[in-house]
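Inside the fold
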Amino acid sequence: MKSLGLRIALALLGISYGSIFLMRLVNSFFVLHDGSSFFTGMGQFLAIASILIFIALFLLLRIVKPLELASQRLSGNVDNNPDEDPLLRRAAQTSSKITRLVIIVNVLGFIVGPTVVILVSNAQKLTNYDGPLFAVVLFLNAGFGLMAALFEIFAIDAILLPAKTQLKIYSFSEANRELGLGKRFVLSTASGVFFAALLIGSSAYGRLRFLPNSSAELWLAEFILLLFLGLALTFINIYILARTTVGRLRRNQEQLVQITDQKDLSQLIPLDQFDEIGRIVHATNHFIEYLKTIFDTIAGASAKVSASAQTLHTYSADAAAALETADQAQKDVQSAALNQMQMEADMLNKLSSVAEAAQTVAAKVEEQASFVAQSSASISEMAANIAS
């Protein structure tokens, strides 16, 4: 993140001065057909352009500063809300501010600046721009300014994407909505066609005005060269935009695969821009949160079912122990009853034996009583006999 400002400065300076050099080259050799005009008013133009460029660079660095501070301050998978954090809100609005600033600076640098230089040069009798030539050059400069602005916007967006990802913003904000990808591609293509048409038209006007007797081969060579230049710049512009878009999609895919592999629904995909891809990421995060809610609900229900099953198992074990105790008590009761019955049977047997013994004794007593009676009778008879 320390090289963020440096990379933005290099991108802005390189694209701006490259566009200025290319614009002066086309104006001198393909419109005015005068190589010496490349240096006419160059000092004044570079002075005006440099002032505007460095003012734009200073403002760009101020605009990017909240993004740099926020990305350094914020860390971890925290759902950051730009509506509640002023620094985060300014950081999230970086792209829209940069777009407005770049457009304003390029309008001033490629339209107002050359206009001032042409008027001053005409006043100093260094050049002689009439109305039609002035209009052609002005439109051509506007085309260069438009292409330079698109290059700068897309290049700076590509530089800022990693820093925006570190902000850990997961919710799409309509307040921070940016120019959509479809509109960007259409704008890039349309501006490229417009720029190529301006190149060819301006060159044709300059050749008709200054070299009306040129051969058809020179016309064709110049047409092909300028068409190739316009299409090449358009292709580079669209390539930067497409590569940035593909890189964002690839990064989002890798993060989604990581979430799937780790089976961690607490992770979300951070937003880097608020466009169509941002909407897709926002919808994906919403779906991940919905799945997390479902799985959390299922996990809670499973925990309750597991606790209920454990309680039921405990109750079942207690009931089984109680049944086992009751069965053992029943067996003890049965055993005691059998023992009681056996004792009663033994008692009955003993009582029967006692009864039989009593009967035997009674018979013997009766027999002895009969014997005593007989003995008594015999004694009485003997006594009577003795007495007589």
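Scroll up to find the structure.
Heads up: these notes are all about the structure in this document.

Reading the values: the criteria
Residues numbered from 1 in each chain as written. Predicted model: local features only at pLDDT ≥ 70, side-chain atom pairs only at ≥ 80, totals over all residues. Heavy atoms only, no water. Salt bridge = Lys/Arg side-chain N within 4 Å of Asp/Glu carboxyl O. Helix = DSSP H or I, 4+ residues; strand = E, 2+ residues; numbered from the N terminus. Expected span 1.5 Å × (residues − 1). Bend = angle between axes of the 7 residues up to and from the residue. Buried < 20%, exposed > 50% of the residue type's maximum accessible area, 1.4 Å probe, protein only. Axes fitted to C-alpha atoms, helices over the stretch in contact; angles between N-to-C directions. Parallel < 35°, antiparallel > 145°, perpendicular 65-115°, else oblique. Contact = heavy atoms within 4.5 Å. Nonpolar A, V, L, I, M, F, W, Y, C, P; charged D, E, K, R; others polar. Phe/Tyr/Trp six-rings, centres within 6.5 Å; stacked < 30°, edge-to-face > 60°.

This part covers the pattern of salt bridges. With the rule as written, the count across this model stands at seven salt bridges. Notably, a salt bridge pairs Arg248 with Asp275, separated by 2.7 Å at the nearest N-O pair. Note that Arg248 is positioned in helix H7 (residues 216-262) and Asp275 in the loop between H7 and helix H8 (276-387), a separation of 27 residues in sequence. Among the salt bridges present, the one from Arg251 reaches Asp272, with a minimum N-O distance of 2.6 Å. Of this pair, Arg251 sits in helix H7 while Asp272 sits in the loop between H7 and H8, placing them 21 residues apart in sequence. Residues joined in a network through salt bridges with shared partners are Arg248, Arg251, Asp272 and Asp275.

Bringing helix H2 (residues 42-73) into the picture now. Between its first and last C-alpha atoms H2 spans 45 Å; for 32 residues at 1.5 Å apiece the expected length is 46 Å, and the two agree. Approximately 35° is the largest bend angle found in H2, and it occurs at Val64, with the proline Pro66 only one to four residues beyond.

The subject of this paragraph is helix H5 (residues 131-165). The end-to-end C-alpha distance of H5, which contains 35 residues, comes to 50 Å, matching closely the 51 Å that a straight helix rising 1.5 Å per residue would cover. Among the 35 residues of H5, 25 are classified as buried, and the element is accordingly described as predominantly covered.

The next thing to look at is the packing of H2 against H5. Contact pair H2 / H5: the axes reach a minimum separation of 9 Å and the direction vectors enclose 25°. Taken together, the axis directions place H2 and H5 in an arrangement best described as roughly parallel. Two secondary-structure elements touch here, H2 through Leu60, Val64, Leu67 and Ser71 and H5 through Ile156, Leu160, Ala163 and Lys164. Counted by class, the contact of H2 with H5 contains six nonpolar, one polar and one charged residues.

Take the packing of aromatic side chains next. Tallied over the entire structure, the rule returns four aromatic pairs. Taking 5.7 Å as the distance between ring centres and 80° as the angle between the ring planes, the aromatic pair formed by Phe21 and Phe38 counts as edge-to-face. Of the two residues, Phe21 sits in helix H1 (residues 4-31) while Phe38 sits in the loop between H1 and H2, which places them 17 residues apart along the sequence. Taken together, a centroid distance of 5.1 Å and an interplanar angle of 85° make the contact between Phe38 and Phe39 edge-to-face. Grouped by ring-pair contacts, the aromatic residues Phe21, Phe38 and Phe39 constitute a single cluster.

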